[in-house]
Amino acid sequence: MDSLHNKMICLLLFLVGTLMLAGGVYGWTSLARFSKTSIRTTGVINTIRSERKYRFRKMRIRREMRISYRTEKYGSLYVSKKCYLPFRSEGDSLEVLYDSSNPYDVRIPGDERCIWTVMLATGVLCVAGGWLMRKSHRRLE
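Rules of the game
- Residues numbered from 1 in each chain as written.
- Predicted model: local features only at pLDDT ≥ 70, side-chain atom pairs only at ≥ 80, totals over all residues.
- Heavy atoms only, no water.
- Pairing = 2+ DSSP bridges.
- Helix = DSSP H or I, 4+ residues; strand = E, 2+ residues; numbered from the N terminus.
- Buried < 20%, exposed > 50% of the residue type's maximum accessible area, 1.4 Å probe, protein only.
- Polar contact = N/O pair within 3.5 Å; in protein donor to acceptor, adjacent residues only side chain to side chain.
- Contact = heavy atoms within 4.5 Å.
- Core = buried A, V, L, I, M, F, W, Y, C linked by side-chain atoms within 4.5 Å.

Asks: Before we move on, could you go through the sheet that holds strand S2 (residues 58-71) and cite the residues and values that matter?
Replies: Taken in spatial order, the five strands of this open sheet run S3-S2-S1-S4-S5, and their pairing is antiparallel. Two strands lie at the open edges of the sheet, namely strand S3 (75-82) and strand S5 (106-107), each paired on one side alone. Pairing of strand S4 (residues 93-98) with S5, which is carried by two bridges, proceeds in the antiparallel orientation. Counted as the bridge partner of Leu 97 is Arg 107 from S5.

What follows is the structure in structure tokens.
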């Protein structure tokens, strides 16, 4: 029974690690493709709004930031994005990528790099943990 339990944990670690690695690689390649066709500019966070909601038996805090950025064709534009990183504050400048044909199609590469890197690191740790667990389990057999 214990052997079957360990095999299931190893399989689960490999599966979760592979999915996390695939998600991280997809995110990085998506960001790289978008950065090739988009225009890079600097944006400034004008306001950060925090909202507390009671959902699914827990208190959830949703942070949204309003970013102003300058485009060549349309002048100064504003966009609202979710704030995933807790250390952002009003007045901070950040890198913004926008599509030239649709300037409201905005991506914040700094935030996305953090998300995709965490996914890749978690995937590597899960796969390595499953491999080490399986390797040590084979030695005991």
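Now that the structure has been shown, the text picks up again.
Asks: Kindly report on unusual backbone geometry, identifying the contributing residues and their values.
Replies: Positive phi values are uncommon outside glycine, yet Phe 56 reaches one of about 55°. One can find Phe 56 in the loop between strand S1 (39-55) and S2. With phi around 65°, Arg 57 is a residue other than glycine that occupies positive phi space. Its place among the elements puts Arg 57 in the loop between S1 and S2. The exposure class of Arg 57 is exposed, given its relative accessible area of 77%.

Asks: Describe the side chain of Arg 88, with residues and values.
Replies: By secondary structure assignment, the location of Arg 88 is in the loop between S3 and S4. The class for Arg 88 is buried, based on a relative accessible area of 15%. Only 2.6 Å separates the side chain of Arg 88 from the side chain of Asp 111, close enough to count as a polar contact. Each residue touching Arg 88, except ones within four places of it in the same chain, is listed here: Ile 45, Ile 48, Arg 63, Cys 83, Leu 94 and Asp 111.

Asks: Please give an account of the nonpolar core that cites residues and values.
Replies: Of all hydrophobic cores here, the largest spans 13 residues; its most connected members are Ile 67, Tyr 69, Val 96 and Val 106. Secondary structure elements with two or more residues in this core: S1, S2, S3 and S4. Contact partners of Val 106, with chain neighbours within four places excluded, come to Tyr 69, Val 79, Lys 81, Val 96, Leu 97 and Tyr 98.

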